[in-house]
Amino acid sequence: GYYYDFEDEGSYIELGAESVIELSDRIGLVPGATISYADDYFGISGFNAVGASLSLPIALTDTATLKPYIAGTWGIDNSGQPDEVYGGVSLSVGF
């Protein structure tokens, strides 16, 4: 996606891909990767970060899915982007 910061007057583009690996009819494994390119975003221009993620969506019912995940981002070439690792759990319910 494309993001613009009105306060900093800079922008960046982030591209990502992921793929679902079916472990069973109700559980999947979803690895993903991202890369971002900054355009005068906080004084940085060029490729500034890469990311990786892994989630495990579990279909609890036909309309409810529990998804634990872990992800991280790493700065590229002194971009000033901090390295971060984070995780969590989401619950989505459709109506």
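What counts as what
- Residues numbered from 1 in each chain as written.
- Predicted model: local features only at pLDDT ≥ 70, side-chain atom pairs only at ≥ 80, totals over all residues.
- Heavy atoms only, no water.
- Helix = DSSP H or I, 4+ residues; strand = E, 2+ residues; numbered from the N terminus.
- Contact = heavy atoms within 4.5 Å.
- Polar contact = N/O pair within 3.5 Å; in protein donor to acceptor, adjacent residues only side chain to side chain.
- Pairing = 2+ DSSP bridges.
- Buried < 20%, exposed > 50% of the residue type's maximum accessible area, 1.4 Å probe, protein only.
- Phe/Tyr/Trp six-rings, centres within 6.5 Å; stacked < 30°, edge-to-face > 60°.

Some words on the environment of Ser36
No. 1: Turning to its location among the elements, Ser36 is positioned in strand 4 (residues 28–41).
No. 2: The sequence separation of Ser36 and Phe6 amounts to 30 residues, and the corresponding C-alpha distance is 18 Å.
No. 3: With near-sequence residues (within four places) excluded, Ser36 lies in contact with Tyr12, Ile13, Glu14, Gly46, Phe47, Asn48 and Ala49.
No. 4: Separated by 2.6 Å, the side chains of Ser36 and Asn48 make a polar contact.

Details of the pairing of strand 1 (residues 2–5)
No. 1: Bridge count between strand 1 and strand 2 (residues 10–18): 4 bridges; the pairing is antiparallel. Paired with Tyr3 across the two strands is Tyr12, which belongs to strand 2.
No. 2: In this antiparallel pair of consecutive strands, strand 1 and strand 2, the connection spans 4 residues, and Glu9 shows a positive phi of 60°.

Section: unusual backbone geometry
No. 1: Even without glycine at this site, Glu9 takes up a positive phi of about 60°.
No. 2: Here Glu9 shows up in the loop between strand 1 and strand 2.
No. 3: Relative accessible area serves as the criterion here: at 58%, Glu9 is assigned to the exposed category.
No. 4: Backbone geometry at Asp40 places phi at a positive 55°, although glycine is not the residue there.
No. 5: Tracing the backbone through its elements, the reader meets Asp40 in strand 4.

Brief notes about the packing of aromatic side chains
No. 1: Counted under the stated rule, the structure contains 5 aromatic pairs.
No. 2: For the pair Tyr41 and Phe42, a centre-to-centre distance of 4.8 Å together with 80° between the ring planes defines the contact as edge-to-face.
No. 3: Through a chain of ring-to-ring contacts, three or more aromatic side chains come together here, namely Tyr3, Tyr12, Tyr41 and Phe42.

Quick word on the side chain of Asn48
No. 1: Its location among the elements puts Asn48 in strand 5 (residues 44–55).
No. 2: With sequence-adjacent residues up to four places away left out, Asn48 is seen in contact with Ser36, Tyr37, Ala38, Trp74, Gly75, Ile76, Ser79 and Gln81.

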